[in-house]
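What follows is each chain in one-letter form.
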Amino acid sequence: MSQKINKKLFQDRKRTNVLSSSEQKLISYFVPRVPSWISSDGLTAIGLLGSFMILGSFLLAEYVARPWLLLGIVGFFVQWFGDSLDGRIAYYRNKSRKWYGFALDIVMDWISTVLIGLGYVFYAPDDFKYSGFALVALYGWAMIISQLRYRITDKYTIDAGLLGPTEIRIIICAVLLSEILFLGSINYLVIIICIALFIINCVDTKKLLGMGDERDWAEKKSKEAPLNEKEA
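Keep in mind that this is a model prediction, so the values were computed, not measured. (Residues numbered from 1 in each chain as written. Predicted model: local features only at pLDDT ≥ 70, side-chain atom pairs only at ≥ 80, totals over all residues. Heavy atoms only, no water.)

Backbone phi values are negative for most residues with the exception of glycine, while trans is the configuration of most peptide bonds. At Asp 126, a position not held by glycine, the phi torsion is positive, near 50°. Inspection of the secondary structure assignment puts Asp 126 in the loop between α4 (98–123) and α5 (129–153). By relative accessible area, Asp 126 is classed as exposed at 64%. Phi at Asp 154 takes a positive value of approximately 65°, unusual for a residue other than glycine. (Helix = DSSP H or I, 4+ residues; strand = E, 2+ residues; numbered from the N terminus. Buried < 20%, exposed > 50% of the residue type's maximum accessible area, 1.4 Å probe, protein only.)

Printed below as a string of structure tokens:
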């Protein structure tokens, strides 16, 4: 893609995911082309609509026909579009509300995660439903790590190393496509995703605790320094 990255749109966060460059180019292309009557909150609503589409795809696949899972793939694109552009459009139009946007984004991400997990619980047979609960819990754990990292380091990142929300969406879309072609494959692939998320979360939690320990020592030293100066 020849589109250049508009760095102004991404100055509030650090991205480390594999697709960050391509994703930022795509967002930089879309942002100026969003009609003026669509607000940042409107894009958030579009993202939420995508989540309901994913929920609907699972319900339709369970009670009507399995190919309806294709609707979920479309839903993930709609969700990505709204979720990725809502904050960026605010920066582009110089209407950013940092803490309002931050709070809204986190709440909508959690609601979307629950809707997707709920959809899978309706679709999954027997005890495989528990892996849907595990997936929601593990993704919630990852979200908590992200917020705590922000609190400790004052640097906001939504990625877990090379994986970010976009990569996870693509992986789940591949899982949906696999389920359409090979009935039952989603049940085992979700378990694999849960295991991978558990390992990633454990590693990130260990790093997070290390960051917290470093900040504790740094703050302790900064408090001791004036006392040492007075004693000298």
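Our focus in this paragraph is a nonpolar patch on the surface. Together, Tyr 188, Ile 191, Ile 195, Phe 198, Ile 199 and Val 203 give the surface a local cluster of nonpolar side chains, amounting to about 560 Å² of exposed area. The topology assignment puts Ile 199 in helix α7 (residues 185–231). (Patch = residues over 30% accessible without salt bridge, like charges linked within 9 Å, V, L, I, M, F, W, Y side chains within 5 Å. Areas by Shrake-Rupley, 256 points an atom, 1.4 Å probe, with all protein chains shown as cover. Salt bridge = Lys/Arg side-chain N within 4 Å of Asp/Glu carboxyl O.)

We now examine the environment of Lys 206. For Lys 206, the position within the fold is in helix α7. Using a relative accessible area of 66% as the deciding quantity, one classes Lys 206 as exposed. Along the sequence, Lys 206 and Arg 88 sit 118 residues apart, while their C-alpha atoms lie 31 Å from each other.

Another point: the packing of aromatic side chains. In the structure shown here, the tally under the stated rule is twelve aromatic pairs. With 6.3 Å between their ring centres and 75° between their planes, Phe 58 and Tyr 120 make a pair best called edge-to-face. Of the two residues, Phe 58 is situated in helix α2 (residues 40–63) and Tyr 120 in helix α4; the sequence distance between them amounts to 62 residues. Of the two residues, Phe 58 and Tyr 120, neither departs from the other in class, the shared state being buried. A cation over a ring is seen here: Arg 33 above Tyr 29, with NZ or CZ 3.9 Å from the ring centre. Sitting over the ring of Tyr 100, Arg 97 keeps its end group 3.9 Å from the ring centre. (Phe/Tyr/Trp six-rings, centres within 6.5 Å; stacked < 30°, edge-to-face > 60°. Lys NZ or Arg CZ within 6 Å of the ring centre and 35° of its normal.)

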